[in-house]
Amino acid sequence: MKQKGNIQSNPAALLENLKAKSKREANLFFSLCENGENFTHSKKLIEALNRSGLKSNDNRLQNLFRSLEAHGDKIVFEDFINIIRTSGLLVEKALRGQLVLPDFINFSKKIDKIFDEVKTIISGELASYIPPLAEVDPNQFGIAIVTTDGQVYERGDSNKDFSIQSMCKPFNYCFAMEQLGLEGVHKHVGQEPSGRQFDDLTLLARTVTGNYTGDFAKDNLEGRFARVPFNPMVNAGAIMTAGLINPNDSHTQRLRHIRQQFGRLIGWTSKNNNVSKLPRFNKNMARQENFKGYNNIAMGYLLMATGSLPHTKSDLHKDIHPDEDEFDFYIEPAVTDALKLYFSICSIEMTATDVAMAAATLANSGVCPISQDRVLSQKTVRNCLPVLQTSGMYNASGVFFQEVGLPAKSGVGGGVLLVVPQLMGICIFSPRLDEQGNSVRGLEMAKKLTSKYLVHTFDGTMTDTSREDPKLPIARWLANSCGEAIWAASNGNIRTLESLVSQQRDLQQGDYDIRTPLHLASAEGQLEVVKFLLNQGVKPIPDRWGGYPISDARNNKHHKIVDLFNELKIDYTEPFHLVENPKGKTDKMAHFEDELMVIELLFAASKNNVDNIRHLVAQGVPVHAGDYDLRTALHLAAAEGSLDAVEYLVSHGHPLNVRDRWGATPLDEAKREKRKNVVSFLTKI
Ligand code: GLU
């Protein structure tokens, strides 16, 4: 936002006016207006949507864009309401920062950083046993992340097609389960980690229970004992599951069906028939793999021999060969059909963005985030993910589960997909592989991602404040980490403090001004709280101005607390607060009942996160809400030199002469911290 000079209109009056027309959308619209103007711009709305992670090519927004085009650049409130209604709740959620990844821009910046670090890794080798895989550019590197709300992050070679290879396996398994159900599929394949190479010929021996009455049990094993592939993620299991999908159709029909199913996972529907969403099939790749794929071919026969692959019902043909020494050599078509289909599906090509979308469909319990098409039942997805989690990463599955803790699948084409249930699908593509066959950079990205974010399946079992929850804006996460304790301390609520102690929360943690529970308890004369905190080993530390809790107690004449701190024999410094004109004008600040939202607003202002501030305004938080020290967002933005935030706040009606506990205005704060740009902006108004 550019500096506007004099502010003539009145934002507060505008908001009142909007609320009188329609309460529901008033704050949303207001968050996009400037300086009390009663209109916004179409490009502002589009920018806000893009910054929330929604792409301009998102199908769900096409009506909105058409409607925007029809209206031109200036949008008044009544038009705004009609325009955003074309996209259901999606736009409202995006503007309020209530999509599943609320702080999309910050998240993107962090992933960018990880990407740049990982890009420097060049170890690993291309897969060479399928010739075309050995010919790809080894330096390719891309990542895409798609959330269950359809937010899309892309970086590097995220739009280059690559061979999905084994990443097809979880989907084959799902497609087969959609047709045969869990039990039906697992008559033919197990769920156990194999602990062996992905192409190992060993099968899992298991006793057949009464339920297993399929061909394979009766015909070959007399119902006692079966040998089946360990799980659908190893080759034998994937050949098996491919063999189970539409076995009576022709190869072309089967492959078309599967490509359409993959298409549906990424947004193709029979209605939109958007062929760009039908994954490509690389026939050359399939032929080349078939040509020397002896091991897989052996596996197909083994599956037939053990009886787990259902065979065709054909009888032995009549011998029509006149020559005594000659006969028609028979090859069981069920084996070749299953292998042909398996090689073909492995040779499907998709981009990292496509695969991330397919993974996001899994994360979204089977519904494609952008088409809202239910492709897989919840049950199918729920049954697939545990097998992915235990067996998706070849022989590194155990370590991967422990370290990264997410269902994932890699392929020798260099792709790795990860599913963060209810949050997002991720695909990393980089073709250099380690000894286990996993993409080296893919693994590294996955590890770094989970070390930064709380997405490991079992993260709920520990408190680790050094890692962020991507479902929360950073400002909210910071507010949660200190706000509750500070409010409880200032209100004398020892119960809450006790429960925070039992959660191992840090009671010494300060807010944006390094104000701690001990400061607030001292300022408010909460003697018992001060005693409690000191007993817990909490140490008095100086705040932003160099003030220790003892100064708060002294300023507010809480002598008993002063005595307590004096007993500690610490060399306390005196705080410095700049108040240029203590008798000057004083503006009123707002009271907002959700205290944590206020703290979030102040954190967002201090970090110059205008998106986050805009989201909070759209949720109805007054820009000039004050905290326990009567600090407001403008105080914080001014103190930190966050000029964008200062401009946004002022243009949304934040009064200039609000005074904190010590009487300082935002301008005083900017001067004290020597924030020249903010001082010059605030003095020009
Ligand atoms: N089509 C490959 C094979 O069967 C897939 C291997 C993989 O990606 O793990 O060997």
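These notes cover the structure that comes with them. What you see is a predicted model, and the numbers here were worked out from it, not measured in a lab.

Cut-offs used in this document
- Residues numbered from 1 in each chain as written.
- Predicted model: local features only at pLDDT ≥ 70, side-chain atom pairs only at ≥ 80, totals over all residues.
- Heavy atoms only, no water.
- Core = buried A, V, L, I, M, F, W, Y, C linked by side-chain atoms within 4.5 Å.
- Buried < 20%, exposed > 50% of the residue type's maximum accessible area, 1.4 Å probe, protein only.
- Helix = DSSP H or I, 4+ residues; strand = E, 2+ residues; numbered from the N terminus.
- Contact = heavy atoms within 4.5 Å.
- Disulfide = S-S within 2.5 Å.
- Pairing = 2+ DSSP bridges.
- Axes fitted to C-alpha atoms, helices over the stretch in contact; angles between N-to-C directions.
- Polar contact = N/O pair within 3.5 Å; in protein donor to acceptor, adjacent residues only side chain to side chain.
- Patch = residues over 30% accessible without salt bridge, like charges linked within 9 Å, V, L, I, M, F, W, Y side chains within 5 Å.
- Areas by Shrake-Rupley, 256 points an atom, 1.4 Å probe, with all protein chains shown as cover.
- Salt bridge = Lys/Arg side-chain N within 4 Å of Asp/Glu carboxyl O.
- Lys, Arg positive; Asp, Glu negative; His and termini not counted.
- Charge placed at Lys NZ, Arg CZ, Asp CG, Glu CD.
- Near = heavy atom within 4 Å.
- Nonpolar A, V, L, I, M, F, W, Y, C, P; charged D, E, K, R; others polar.
- Phe/Tyr/Trp six-rings, centres within 6.5 Å; stacked < 30°, edge-to-face > 60°.

**Remarks on the nonpolar core**
Counting residues in hydrophobic clusters, the biggest one holds 71 residues, and the most contacted among them are L45, F80 and I613. When residues of this core are assigned to their parent elements, the largest contribution, 9 residues, is made by helix α25 (residues 595-606). Ignoring anything within four residues of it in the chain, the contact list for F80 reads E25, L28, F29, L32, L45, I75 and L95.

**Description of the state of the cysteines**
Throughout the structure, instances matching the rule amount to 0 disulfides. In this model C346 remains outside any disulfide bridge; the closest cysteine sulfur is found in C168, 3.9 Å from its own.

**A closer look at the sheet that holds strand β3 (residues 142-147)**
The strand order β4-β3-β12-β11-β10 describes an open sheet built from 5 strands, whose pairing is antiparallel. Two strands bound the open sheet, and with one partner strand each, they are β4 (152-156) and β10 (408-410). Neighbour to neighbour, the strand axes of the sheet diverge by 10° on average, direction disregarded. Two elements, strand β11 (residues 415-420) and strand β12 (residues 424-429), share 6 bridges in a ladder whose sense is antiparallel. Each bridged residue has a counterpart across the sheet, and for V419 the counterpart in β12 is G425.

**A closer look at the side chain of S391**
In this structure, S391 sits in helix α16 (residues 378-391). You can call S391 buried: its relative accessible area is 8%. A distance of 3.5 Å separates the side chain of S391 from the side chain of T390, its partner in a polar contact. Beyond its immediate sequence surroundings of up to four residues, S391 is in contact with E192, P193, N231, M233 and S397.

**What about a negative patch on the surface?**
Among the surface-exposed residues, D319, D323, E324, D325, E326 and D328 lie close enough to one another that they form a single negatively charged patch. Mapped onto the elements of the fold, E326 is located in the loop between α13 (294-306) and α14 (333-346). Residue class for E326 comes out partly exposed when judged on its relative accessible area of 38%.

**A closer look at the site of the ligand**
Taken together, Y129, Q165, S166, F198, N235, E289, N296, Y342, C346, Y394, G411 and V412 are the residues near the ligand. Here an oxygen atom of the ligand and a side-chain polar atom of S166 are 2.5 Å apart. In this structure, V412 approaches the ligand through a main-chain N or O atom, which is 2.8 Å from an oxygen atom. In isolation the ligand has 300 Å² of accessible area, and contact with the protein removes 99% of it. Residues of the shell around the ligand, tallied by class, amount to 6 nonpolar, 5 polar and 1 charged.

**Regarding the packing of aromatic side chains**
Here a ring pair, both rings aromatic, is described through the centre-centre distance and the interplanar angle of the planes. Within this structure, the stated rule accounts for 15 aromatic pairs. Ring geometry for F162 against F429: centres 4.1 Å apart, planes inclined by 5°, an arrangement best described as stacked. Of this pair, F162 sits in strand β5 (residues 162-163) while F429 is found in strand β12, placing the two residues 267 residues apart along the sequence. For F162, a relative accessible area of 4% gives the class buried. With relative accessibility at 2%, the residue F429 sits in the buried group. Residues Y512 and F603 carry aromatic rings whose centres are separated by 4.9 Å and whose planes lie at 75° to one another, so their mutual orientation is edge-to-face.

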